[in-house]
Amino acid sequence: MMRTKQKAMQNHIKKMQLLFEEADTSEDGKIDLDEFKEILADSELKAWLGAMELDIRDVSEAWELLQDDCNDRSGGLTAEQLVLGVARLQG
């Protein structure tokens, strides 16, 4: 059971890292709100996230929820913050 959860988390991290790399068009190591909106405008990506049980209907609200755990509130998300935030939103 524990091994299955660990494998699922590793898979989740890999997927979120790919998402981050695609979204970080400025290549500054963070995703800002504009980059987040741009990547979520892609219907294929929204379907992929939906398959991961993450249905984002309100991009600004999702952004705020992802930002909730960030202590620096710099306006951007690092890859690690994205991974942790998405995992938290998934439950």
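To be clear, the structure that these remarks concern was listed above.
Residues numbered from 1 in each chain as written. Predicted model: local features only at pLDDT ≥ 70, side-chain atom pairs only at ≥ 80, totals over all residues. Heavy atoms only, no water.

A. Main features of the overall build of the protein. Counting its regular elements, the protein contains five helices and two strands. Its helices and strands taken in sequence order, the protein reads α-β-α-α-α-β-α from the N to the C terminus. Its C-alpha atoms give the protein principal-axis dimensions of roughly 40 × 30 × 25 Å. Buried residues in the protein amount to 33% of all 91 residues. Of the contacts made within the protein by residues no fewer than 6 positions apart, 52% connect residues no fewer than 24 positions apart. (Helix = DSSP H or I, 4+ residues; strand = E, 2+ residues; numbered from the N terminus. Buried < 20%, exposed > 50% of the residue type's maximum accessible area, 1.4 Å probe, protein only. Contact = heavy atoms within 4.5 Å.)

B. Focus on the pattern of salt bridges. A full pass over the atoms with the stated rule returns one salt bridge. Two residues, D55 and R57, come together in a salt bridge whose shortest N-O distance is 2.7 Å. Under the relative-accessibility criterion, D55 is labelled exposed at 54%. (Salt bridge = Lys/Arg side-chain N within 4 Å of Asp/Glu carboxyl O.)

C. Structural view of the environment of E64. For E64, the position within the fold is in helix 4 (residues 59–67). For E64, a relative accessible area of 43% translates into the label partly exposed. Along the chain, E64 and L33 lie 31 residues apart, while their C-alpha atoms are 9.5 Å from each other.

D. Examining empty space enclosed by the protein more closely. Following the criterion strictly, the structure yields one cavity of 30 Å³ or more and no others. Estimates place the volume of the largest cavity at around 90 Å³. Around the largest cavity, the lining comprises 13 residues; the ones closest to its centre are L19, F36, L49, L82 and V86. Those elements that provide at least two residues to the lining of the largest cavity are helix 1 (2–23), helix 2 (33–40) and helix 5 (79–90). Its residues assigned to classes, the lining of the largest cavity shows 13 nonpolar, no polar and no charged. (1 Å grid on protein atoms, 1.4 Å probe; cavity = no way out; pocket = protein on both sides within 12 Å on 5 of 7 lines; lining within 4 Å. Points joined across faces, edges and corners; volume = space filled by probe spheres on them. Nonpolar A, V, L, I, M, F, W, Y, C, P; charged D, E, K, R; others polar.)

E. Representation of a negative patch on the surface within the structure. A cluster of acidic residues, D28, D32, D34 and E38, forms a negative patch on the protein surface. Structurally, the position occupied by E38 is in helix 2. (Patch = residues over 30% accessible without salt bridge, like charges linked within 9 Å, V, L, I, M, F, W, Y side chains within 5 Å. Areas by Shrake-Rupley, 256 points an atom, 1.4 Å probe, with all protein chains shown as cover. Lys, Arg positive; Asp, Glu negative; His and termini not counted. Charge placed at Lys NZ, Arg CZ, Asp CG, Glu CD.)

F. Seen up close, the packing of aromatic side chains. Throughout the structure, instances matching the rule amount to one aromatic pair. Between F36 and W63, the ring centres sit 5.2 Å apart and the planes meet at 50 degrees, which makes this aromatic pair tilted. Of this pair, F36 sits in helix 2 while W63 sits in helix 4, and the two are 27 residues apart along the sequence. Judged by its relative accessible area of 6%, F36 falls in the buried class. On the basis of relative accessible area, W63 is assigned to the buried category, the value being 5%. (Phe/Tyr/Trp six-rings, centres within 6.5 Å; stacked < 30°, edge-to-face > 60°.)

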